[in-house]
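# A structural walkthrough
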Amino acid sequence: MAVYTQVSAEALGTFLARYDQGALVSAKGIAEGVQNSNYLVETTADRFILTLYEEWTSTDDLPFFLAMLDHLAAAGNPVPRALPDRDGIAIQQLAGRSACLIEFLTGVSVSHPTPAQARAAGAAMGQLHAGLADFAPTRANPLGADTWRPLLERCGAGIDTIEPGLFARIEAALARVLAQWPRDLPVAAIHTDLFPDNVLMLGDRVTGVIDFYFACTDIRAYDLAVMHSAWAFDATGERYDPAIGAALIAGYESRFALSDAERAALRILARGACLRFLLTRAWDWVNTPADALVTRKDPLAYWRRLEAYLKDDLFA
């Protein structure tokens, strides 16, 4: 469960007293997520998400994330803003952690999206990119292309415990991808982690886009490539659904057009997306004890996606 920091009812009640959002009724830890501690908080006024930022999220980055959310919300995007207290302060301290009280958005994340849901999700990303076109703050991507080779080297031969010979295969694929990596495409603030569990839906309608804590400034079309690799394959990475892939792209372009250069680069960007998630999952796999009470995600699911992007042009 993604609750690393426990908060007592008394401490939470004192925290809520800074706001005009009612008195505490209940608080429940949220199992989803792996980076920060999250609680669903109900007060006499409404429901909220309480997020406590763990060591993986730098407090120095919070102003960028919150400014991005405020900017998107002002442009009409369904994103959760951090609420200020009576003194106008959004970033608080609670239980020794930086913390924010965040708007609660209705909806559920889908495990097996339909083409209609994929089109709506793609359109939501296009709307995000349109809303961020005039967003000025920047943040370097801490998991950008320049970090992948050092991450592979840190994983070392331990990767071969996942599957014999995997290190050499990743090394070869990485060399090919980095040699072709585009350096002249438009860059902008992007989400970089728009998996199905970060999109809330009611039916075929997107009601929320959440979890912006990997947001950064990078190649804009890379955001769409990450989304394509996450939505258009099954969980094992073995089966590609062309209807989902096509719907994502069509939905995106209904709100924000791809240039010819961006469209041509999607295949290499998707390969890079696969390597990024393969490497971070491999790092977690190698460095998490097998008996730890944490669900380890199979790195090979992204190796299978990478192989599909290497063999076929799934964006044709």
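You'll find the structure just up there.
So, a few notes on the structure that sits alongside this text.

### Considerations on the overall build of the protein
- The secondary structure content of the protein amounts to nine helices and nine strands.
- Its C-alpha radius of gyration of 20 Å places the protein within 12% of the 20 Å reference for a compact globule of 316 residues.
- For the protein, the spread of C-alpha atoms along the principal axes amounts to about 55 × 45 × 35 Å.
- Once local pairs closer than 6 in sequence are excluded, the contacts in the protein between residues at least 24 apart make up 72%.
- When the accessible surface of the protein is split by element, carbon and sulfur atoms take 52% of a total near 14300 Å².

### Let's talk about the pattern of salt bridges
- According to the stated counting rule, one finds 10 salt bridges in the structure shown.
- For E163, the salt bridge is made with R169, and the minimal N-O distance between the two is 2.3 Å.
- Note on E163: relative accessible area 29%, which makes it partly exposed.
- According to the relative accessible area criterion, R169 is partly exposed, its value standing at 29%.
- Among the charged side chains, a network of salt bridges with common partners joins E238, D298 and R304.

### Considerations on the side chain of N77
- Take N77: it is sitting in the loop between α2 (62–74) and β4 (92–94).
- With residues near it in sequence (within four places) discarded, N77 still touches L72, Q127, L128 and G131.

Rules of the game
- Residues numbered from 1 in each chain as written.
- Predicted model: local features only at pLDDT ≥ 70, side-chain atom pairs only at ≥ 80, totals over all residues.
- Heavy atoms only, no water.
- Helix = DSSP H or I, 4+ residues; strand = E, 2+ residues; numbered from the N terminus.
- Rg over C-alpha atoms; globule rule 2.2 N^0.38 Å.
- Contact = heavy atoms within 4.5 Å.
- Areas by Shrake-Rupley, 256 points an atom, 1.4 Å probe, with all protein chains shown as cover.
- Salt bridge = Lys/Arg side-chain N within 4 Å of Asp/Glu carboxyl O.
- Buried < 20%, exposed > 50% of the residue type's maximum accessible area, 1.4 Å probe, protein only.

None of this, on its own, says anything about what the molecule does.
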